[in-house]
Amino acid sequence: MKKVILSLALVMALGIVFTSCRDTKKTDSVEEAVENATEAVEEAAEDVTEATEGAMEEVGEAVDDALEAADDAVEAAEEAVEKTKDAIEK
């Protein structure tokens, strides 16, 4: 009778050990997955920030170029008006 009880206790102990090991591994893998996902999100956010900064710099340069072109066009128009006035007055 003692052998049966001891055998059952041994089987239960082994079952608990293997079951608890599996739970730990799942918990670890879930924690690792969460950490990996967090790192991926942080990297993606950094990439988006860098891309946004670059795009904003390009937009700023484009606006500056457009303003310069508009100034040149206004100056050219003023010169054309002056030349037209001079031609009419002659």
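A brief report on the enclosed structure follows. (Residues numbered from 1 in each chain as written. Predicted model: local features only at pLDDT ≥ 70, side-chain atom pairs only at ≥ 80, totals over all residues. Heavy atoms only, no water.)

**Details of the overall build of the protein**
Put simply, the rule reads: A helix here means a DSSP run of H or I that spans at least four residues, while a strand means a run of E at least two residues long, and both kinds are numbered starting from the N terminus. Three labels apply to residues, based on accessible area from a 1.4 Å probe with only protein chains included: buried if under 20% of the type maximum, exposed if over 50%, partly exposed otherwise in between. Here the accessible surface of atoms and residues is derived via Shrake-Rupley with a 1.4 Å probe, and residues count as covered only by protein chains that are part of the display.
On a plain count of helices and strands, the protein comes out with 1 helix and 0 strands. In the protein, buried positions account for 0% of the 90 residues. As displayed, the protein has an accessible area near 8,200 Å², and 63% of this comes from carbon and sulfur atoms.

**Concerning a nonpolar patch on the surface**
Inclusion rule: Grouping into patches uses exposed residues only, defined as over 30% relative accessible area, and leaves out salt-bridged ones; the cut-off is 9 Å for like charges and 5 Å for nonpolar side chains (Val, Leu, Ile, Met, Phe, Trp, Tyr). Salt bridge criterion: a side-chain nitrogen from Lys or Arg within 4 Å of a carboxyl oxygen from Asp or Glu.
On the surface, a cluster of nonpolar side chains totalling about 260 Å² of accessible area is made up of V59, V63 and L67. As for its position among the elements, V59 is in helix α1 (residues 2-89).

Just geometry here; none of it tells us what the structure is for.
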